[in-house]
Each structure stands twice: as structure tokens, then as C-alpha cells.
Amino acid sequence: MVAGDYLTINYGFTTFVIPKRVKKGLFVTNYPRIISIFLNALICCTININIMYPPFNAIAAFHTFILKKHKQFLCLLITVFCAGLLHSFSAIAQYQIYKPVTGLFTGKPVPLSPDPLVNMEWSLPKATDDLETYQLRPVSFSLSPSNSFNMESFQKSNVIIVNGKGSIRFDFGRVSAGWLEFDSDDLGDSVLMSISEYNEPAKLNIGTAHQFKTAVAIKYGKTYRLELNPLLYEGVRFGWIHVVSYKKKWHIRNVRLVCQVKPTNYRGSFSCSDPELTKIWYTGAYTVKLNLLKDYFGAILMDRSDRHSWTGDAYPAQAASMVAFGNFDFVKLNLHNTANLSNDIASYALYWVLSLVDYVNYTGDTTLANQYIENAIKKLDLAYLHFGKSPRLNFYGWDERLGAGFENPNREAQNAYSMLSIRAWKEFSELMLGMGKFNEAKKYQQYAIEKMNLVRQENNWLNTFGLHAAADAINTGLIKEDEYNFLFERNFTDRVNRISYSSFNEWFVISAMAKIGRYDEAISAIKDSWGGQIKYGGTTFFEVFRPQWNEVLKNNDAPPNNQAGYTSLTHPWSAGVVKWLSEEVLGIRPLVPGFKKFSVMPHLARSLTSVSGEVPTEYGNISASFDTQTGVGRVKIPAGTLAERLLIPLGKNSPMSLKINGKLEWKSDGTGNRDILFQATGYEDFLVLKNLKAGVYAFEIKYKRRIKQPTLQERPWIYQVNGIRQDSVTGGNWKDKYGSEGVVLFNALKNGQHIQKLPPYLNDFKLSRYKDVHTHVPTSKGLLVYNGSNKNILGAVATKDYNICEQSMTIDLPTNDKNRHRISLYFLDHENEGRRSAIEIFNMNSLDLISPMIYVRNYKEGKYVSFEFEGPIRIRINQVRGTNVTLSGLFFDKIK
């Protein structure tokens, strides 16, 4: 169903969206949601009803609705009456608006940060602080049509003169956690408002308070507000004001985005010679900050029915938060909140254990560790019982190779979970050893070694591990050099497939690269994945992303929706790169809990020449800066801590001498402090210092000669699928042009009954996550012809409309030969509702991506999408815009 299929009711302060047509089960499914919305509403005395047709024109009268839909209306009246009984309670609780920000702009501006409050500092912010609000004005706008709005005074005084019907789109320059408002003292027309993280009004799945992020403006005195859920906030970068009727000239004043924020200071920082990496660090930190709610770490901004705490998602979010903000008390609170919450996902229980280890290592809070030892032991022992038995995982990641989220976690996911178990045992063992818990340390060290040896006994185990299992294996720290070299060459050298579909899993991939010294390749992958999201226009990091999006989408276009459902563009599980950059490039990490002892081991690889930054600790900030071009560096060590190992990066420059705080300490001829050592690696050399006590150390290196590093040669994007083309001319008359070797006309005869003749190299095919379509339509244009006619019947398979995580369907083609073939897919947008779709193609065995993304649009009269392939493949078709994907046929042909 599309917007025209829904009824919008403005009841007082709240807008309700209900179906105009009642399909089997539809009204019953949505009825509890309608009741819930009413009960959370603020009630007043008038009802305005508009039937919503694109573009938001009110074209039906109230009495017509009563006559034709009296049964639905009666149900609504009953609901309204019940809600009215609660008027006195809801009026007291009117949507909570938080106090204005109390921080001050005292910090240094950071131009590469998307956070408008990056240099705001609060006085001693705490986990118990309530949220606060600030306002943003738009940075740009677009008009449709332009003559309906006079914007001459907008930039100077934020005033717009309305001269007719139309829409204004505002870009606030960044995604924020907020809601849209404007003022007017003379509005007399009907107005709708919309918001989105991308450049079209957002539409999401059922189960939310407002599935479509468009609603009637709610009036408070002279203020008009878009209210989409009881908490008000959504992920907003773009906002719209739609004037749907016009009587006389009126004014829009003070358009604003009211944003919420948890008082949080940037105690950490990061900067390097590559501005893109600096921007990635601050974008990741901002992504986490936006999701810091009053009492817990949120996992998503857009209200799509899953806006609650996800324990595994919190692992990278908390890690990034400690590095960027040092808000250790809030991380501690979230560990309490999620201690017994695994979201019924096996790996998430282990990520909680790793979060506990991470927190204790950063804070030294062994009291909390002692409090939760038994909790962690239960989780770790359950993983031991699971080992090798293919337990029910439910989820390991959205990547196709991991089973595409909740669809079918597979062998790769099981292998990865086994390696994650070994890593969790080992890291917990190390924590226990540092705390003097020798029995627990021994037990889990033995678990890790025992199960790693068991894996090695399996024949050919290295060849069964894909990217994610290989990364988790390397991250155990128990993989031998020959093993990790094999895994690297097999899984990490394909530029297309070294990128996981979500940055959550990619964090573990780049961590594995760092662990085996592949910093150049890790930085390259970071720029493809996280940097690609910024190139797309992102000011926060996403739930899923492919670099291929940038090949076919314009900045801030609506992204493909997929097995993850409607794509979230603000997902803090993607922020692990913040910790990675601080620990691996800046190089600061704890060696014992709380940074009482720590190391500074920066890795600039071949592409960087400088790095600087700070990491917060309970003792104060540790700061470091190094520049291999000038030879100048500086490290500040807080009281009570010891830099047990400090590496001064040289690049491949040849050092002659080192001064520390102006005093000559080392010379290349061997004179000076013999405890200072020269260390050489493949692409980086260092001077190594040990056991530096608290203080400030200024370094000055003189070089014998400077050596320019050879740059990393980027690997090309290589795909096996080629010959991609689209045909919008042929339409439904496919014979003599398509299907010379075989054809499938979906549901052409009736629901569940296709017309099909498969080619000799294909015995069968498998459709998944689809619904059948067989329906009579008023016009035959674009319909596939069979038996000389199409009988005005639309036969197709389609994705399942607005159901949760049903925005994608797959077709498996298990070919039985190794020859190249051509296949064509026929799409038809018969209702002309602007459907857009995205096609991904995978090797059906390895589930590696083997094609660039194919973007399909403008297919109201039918469009064939053809490509050449070989071997078994999986085709995944994702909805982008429009109600769903509709695919009418498959056609098989020889390659000409």
C-alpha cells in the first residue's frame, strides 16, 4: 500500500495513519497500534480528516468517508472515546521538552567534525544528567514550485512568505536527533510536515508509531510541530513543509530543528595527515553521541519499531564512547542495563563479556568485574557447551556470507561464532590474570587453547573460513604466522569482498588486519567503507553500506533497503573505527586495567606522515603527537601511570639523533642511552623507549636522510558479472528477443502457478522472502504477453510491502555447468508509483559479491535488466522506493 491507501487523521496534537482499504488481517494487525498511539496522544476537541494522496492533496470529504467506511469509523470513535477518558493524564504529561543546553563553547573548533556542539563543554557531565536541547537552522533549501514561496528574507531573518501550494525541503546539514518546528501567526491553510535522514520523506516498516514520516503539523499557540512518536525525536537531516491548500498569503517564521543531546564532553581527540581519517573519527564519535539517551545507549535514531538497546550493538558504541568522551560512568550504567539481555542472539552474550573486559581495561574498575564474574562465566561456559554443535545463533551480521541477518545464519557464521568464543575466553582469561583470579584465568586460557587445537585437527579448516570467520580467528591472537598469512591472502585481498555489509562486522576485519601488521590494507578498507559513507553524503555512519552505492546514487539519495529492513543512516554499531584509529594509528592502549601501565605504538603505515590526539583515562588524558616529516613529537603521561613502551615513528627515514626535552639522548653511532632501541619493520621504523614516568616529553629527531614511502597500490574493483544492460523499449512483447533458452513468467496462470521452461543448465530455481501477485489490472501496458495475450493480468513476485525486514527477496539459480550465460529480469511498475530497486548478485556457494549494484528505476512501462554470469548465483533484489519490488519474469538466452 502507498500513501494514497492510507487515511490521515489529526486528532488534537497527534496524527494517525490508518488504511483506507481493509485487506484480510490488515486492520486487525494495525488496530492495536492505533489504540497505542491514541492512548499516548494529547487530546483536544477537534478532528480534521484528510485523505492523503500524493502529493498530499486533500480531495475527499468527511461525509463520504462516513458513508463508505462507517465500520472503521465506528472503531475509531470508540478508540477516541477511550483515549478521551485519559485526557487529564496525557495533558499533564504533554510531550516532554528538555531544557536548553547548559554547556559553553569553550573548546577548540573542529572543522572536520559534523557535530555542531563538538567544542561545547559541560561542567562535570554525569550519567544521571537529563537530556538537553539546542536548535539548528537549515543550511540550504529547495522549492517545488519556486513561485509558491518568497525566500528573500529567509537567510537574514528566517521568514518565508507563502504564495501558493507546494513544498519546501530544508537541509540542516547533518543528521540530528530532533524534531521539526516552525512558527506562524497567520497560517490559515492545511500543512503537512515530513522528515528524513536522506533527501526524500522517509517511509518505514509497520509497527512504528508513524510508519510514514509525514503528518499534519500540530499547533501549540503560534508554533507548529511535527510529532511522530511520544519521544518526539527521529533521525533528521532533511525536513519538509508541504502546503496542501492555499487561501491567502501567510508567513512561515523561525524554521528550526529542535535537537536533543546528552551532556557529553569530547575528552578524547584524533587528527592525522589524512583529513578523511580525521573526519571518520569525529563522524563515528558523533554517531554514538546522537544515540546517548537519558538512561542507556540507543542503537538507532529513526523510529522503525526496534529503537531499544541491543547488547551486541553496544559493544563498538561503548568502545568508541570511552575513547572519544571518557564517559565511563555511562558505559558502566549501560553494562548494568544489558547484563542479562542478549536479545536472543548467541554472539551478543559474548560481546557483552568483551564490553566488560574493555570497560575494566579502560577504567581499572575491578569492583564491577568482580560483581559480574559469575554472569560472565555463565555466558562463557554456555559458549563452551555450544562449541562445535552448530547452536542456534539467530544472527551474526547482515552480510550475505553470514546468512543475511536473521534469514539463515550459516556455516560461516558458525565458524565465526566459534572463533569469537575462543577470543572471549582468552581476553577474559587475561583480565582474570591481571586481577589475580588465577583459577578463572587458567580455566579460560585452557578453553581457548583446547578448542583452537581442536579446530586445527579438522582437515582443510583454513579453506573453510571466509572473511568473517578468518577475522575472528586472527583476533583470537592464537593464529600462527603461516595460518594468518594464508587466511589473509585468501580472504583479505579482494577489494570488493574484504568489505563487510555492515561497519559493525568490518571493525573486526580491520582489527584482524592490524593484528597481523597489515595497516596499509586496513586504512584502505576504512576509506572504502567508512569513507565511502561520507562520500555518499553521510554525517553519521550507517547500519549497512556498500561502496558500490556511490557508483549509481547521488549524494543523500534514498538508500537501498534490504535484509536489514529500511536502512538506518545513524547506527552507532558502526563506530568501532573510532577506537581502532585511537589504538592503532595514534597507538595508545592500556596494558593493565585503568592505564596504570600503557603503550604508545603509533602505526602510520605508508600513507600517513603525522598523527596527534588524546585518550581519556581516570588518571587524566594521555596525549601524543608525532610527525615523521619534521621529526618532532610530544607525549604527555598523567601522574600515576607509566608508559611501559613508547615507539616514535620514523617512516622509513634514517635517524641520526634524538633529543628528549632538549637533551641529546641517542645517536645512530651507538652513543647515548643504550635503552633506546632502533626497530625496523616492513614499511615503518621506530625508536623504542621504555618505562617513561609521568611528565611531558618533547622529542626532536634529526635525520641522516629522508626516504619517501612508496604509496600502496590500490587494488581494482573486480567483478565476475559483466554485460550489464537495461531495456525500456521492448515492454511485454518479449518473444523473438528474450527467452530463447528458457523463460519464467511468475504467477501468470494464478497465484503460485508460473509459466516456466527452464534452460538445460538449470534444473530448478529457488525464490525466498517473496509474495505472489496475480491480479487483474485496468490496462495491459507493459504486461508480459503469453499465448498471444496478457488478459490484463499482472503476474509477479514481490517483496512484502512494509513488513519488518521484508524489503528484499532472493532468487537462487544453481546452474549445473561452467559456461557463461545471459539472464534478463523483467520489472514492471504497473501502478506508476515511482518504484526503484537495486540488484545484487552473489556467488551462490561462497556468497561473495560478484557484481556492481544494478539500479533499476523508471519502469512504469516495463524494463529488462540483463547480465552475463557463470556458475551458480544468488540474485538479491532490494526495494529502494515505492511500496515494493515487483518482478514479472526471468528470461534465459545464449550470449551473442
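Parameters and conventions
Residues numbered from 1 in each chain as written. Predicted model: local features only at pLDDT ≥ 70, side-chain atom pairs only at ≥ 80, totals over all residues. Heavy atoms only, no water. Helix = DSSP H or I, 4+ residues; strand = E, 2+ residues; numbered from the N terminus. Buried < 20%, exposed > 50% of the residue type's maximum accessible area, 1.4 Å probe, protein only. Contact = heavy atoms within 4.5 Å. Areas by Shrake-Rupley, 256 points an atom, 1.4 Å probe, with all protein chains shown as cover. Salt bridge = Lys/Arg side-chain N within 4 Å of Asp/Glu carboxyl O. Pairing = 2+ DSSP bridges. 1 Å grid on protein atoms, 1.4 Å probe; cavity = no way out; pocket = protein on both sides within 12 Å on 5 of 7 lines; lining within 4 Å. Points joined across faces, edges and corners; volume = space filled by probe spheres on them. Nonpolar A, V, L, I, M, F, W, Y, C, P; charged D, E, K, R; others polar. Axes fitted to C-alpha atoms, helices over the stretch in contact; angles between N-to-C directions. Polar contact = N/O pair within 3.5 Å; in protein donor to acceptor, adjacent residues only side chain to side chain. Arc of directions from axis to C-beta.

Asker: Break down the overall build of the chain for me, with residues and values.
Answerer: Scanning the chain from terminus to terminus reveals 20 helices and 42 strands. Looking at the chain as a whole, 62% of its 896 residues qualify as buried. In the chain, of all internal contacts separated by at least 6 residues, the share reaching a separation of at least 24 is 73%. If you sum the accessible surface of the chain, you get close to 34700 Å²; carbon and sulfur atoms cover 52% of it.

Asker: Lay out the pattern of salt bridges in plain terms, naming residues and giving numbers.
Answerer: For the structure shown, the criterion picks out 52 salt bridges. When the shortest N-O distance is used, the salt bridge between Asp 115 and Lys 289 registers 2.9 Å. Residue Asp 115 is found in the loop between strand E5 (104-105) and strand E6 (120-121), and its partner Lys 289 is found in helix H6 (residues 275-290); the two are separated by 174 residues along the sequence. Each of Glu 400, Glu 407, Arg 769, Glu 806, Asp 812, Arg 874 and Arg 876 takes part in a single network of salt bridges with overlapping partners.

Asker: So what about the pairing of strand E37 (residues 820-827)? Which residues, and what values?
Answerer: Counting buried positions along E37 gives 7 out of 8 residues, so the element sits mostly inside the fold. As paired elements, E37 and strand E40 (residues 863-870) share 8 bridges and run antiparallel to each other. Of the residues in E40, the one forming a bridge with Arg 822 is Glu 868. In the sheet, E37 pairs with strand E42 (residues 886-893) via 6 bridges, with the strands oriented antiparallel. Residue pairing for E42: Ser 824 is matched across the bridge by Phe 891.

Asker: Could you give me a rundown of the pairing of strand E31 (residues 742-750), with the residues and numbers involved?
Answerer: Each regular strand displays side chains that alternate between the two surfaces of the sheet. The buried fraction of E31 is high, at 7 of 9 residues. For E31 and E42, the ladder comprises 4 bridges, and the chain directions are antiparallel. When the sheet's bridge partners are listed, Val 744 is paired in E42 with Leu 890. Sheet topology places E31 next to strand E32 (residues 753-757); 4 bridges connect them, and they run antiparallel. Opposite Lys 750, over in E32, you have Gln 753 as the bridge partner. Counted along the chain from E31 to the antiparallel partner E32, the turn is 2 residues long, and its residue Gly 752 has a positive phi close to 85°.

Asker: Which residues make up empty space enclosed by the protein, and what values do they have?
Answerer: Enumeration over the complete set of coordinates arrives at 11 cavities of 30 Å³ or more. Lining the largest cavity are Leu 745, Phe 746, Ala 748, Leu 783, Leu 784, Tyr 786, Ile 793, Leu 794, Gly 795 and Ser 888. Listed by contribution, the elements that provide at least two residues to the lining of the largest cavity are E31 and strand E35 (793-798). When its residues are assigned to classes, the lining of the largest cavity shows 8 nonpolar, 2 polar and no charged.

Asker: So what's going on with the sheet that holds strand E28 (residues 685-692)? Which residues, and what values?
Answerer: Overall, mixed pairing links the 5 strands, which are arranged E19-E20-E24-E28-E27 in an open sheet. One side of each edge strand has no neighbouring strand; the edge strands of this open sheet are strand E19 (588-590) and strand E27 (677-680). Looking at each pair of strands side by side, their axes are set apart by 20° on average, direction ignored. Relative to strand E20 (residues 597-600), E19 is paired through 3 bridges, and the arrangement is antiparallel. By the bridge assignment, Arg 589 is partnered in E20 with Ser 599.

Asker: Explain the environment of Tyr 786 residue by residue, including any values.
Answerer: Relative to the assigned elements, Tyr 786 resides in the loop between strand E34 (771-776) and E35. Separated by 2.9 Å, the side chain of Tyr 786 and the backbone oxygen of Ala 748 make a polar contact.

Asker: Can you explain the sheet that holds strand E33 (residues 766-768)? Please cite residues and give values.
Answerer: The 5 strands are arranged E33-E36-E41-E38-E39 in an open sheet whose pairing can be described as antiparallel. Looking at which strands have only one partner, the edges of the open sheet turn out to be E33 and strand E39 (854-856). In this sheet, neighbouring strand axes are inclined to one another by 20° on average, regardless of whether the strands run parallel or antiparallel. As defined by bridge partners, strand E38 (residues 836-843) adjoins strand E41 (residues 873-881) across 8 bridges and the pair is classed as antiparallel. Across the sheet, residue Arg 836 finds its bridge partner in E41, namely Arg 881.

Asker: Can you break down helix H8 (residues 328-338) residue by residue, with the values?
Answerer: All buried positions along H8 are accounted for by Phe 328, Phe 330, Val 331, Asn 334, Leu 335 and Thr 338. The buried residues of H8 occupy an angular sector of 160° when the element is viewed end-on, so they sit on one face. Among the structural elements, helix H7 (311-324), helix H9 (346-363) and helix H10 (366-371) are those in contact with the buried residues of H8.

Asker: Which residues make up the side chain of Thr 641, and what values do they have?
Answerer: Tracing the sequence through the fold places Thr 641 in the loop between strand E23 (632-637) and strand E24 (642-651). From its side chain, Thr 641 meets the backbone oxygen of Pro 638 in a polar contact 2.7 Å long. Setting aside residues no more than four positions away along its own chain, Thr 641 makes contact with Phe 595, Lys 596, Phe 598, Tyr 619, Lys 693 and Ala 694.

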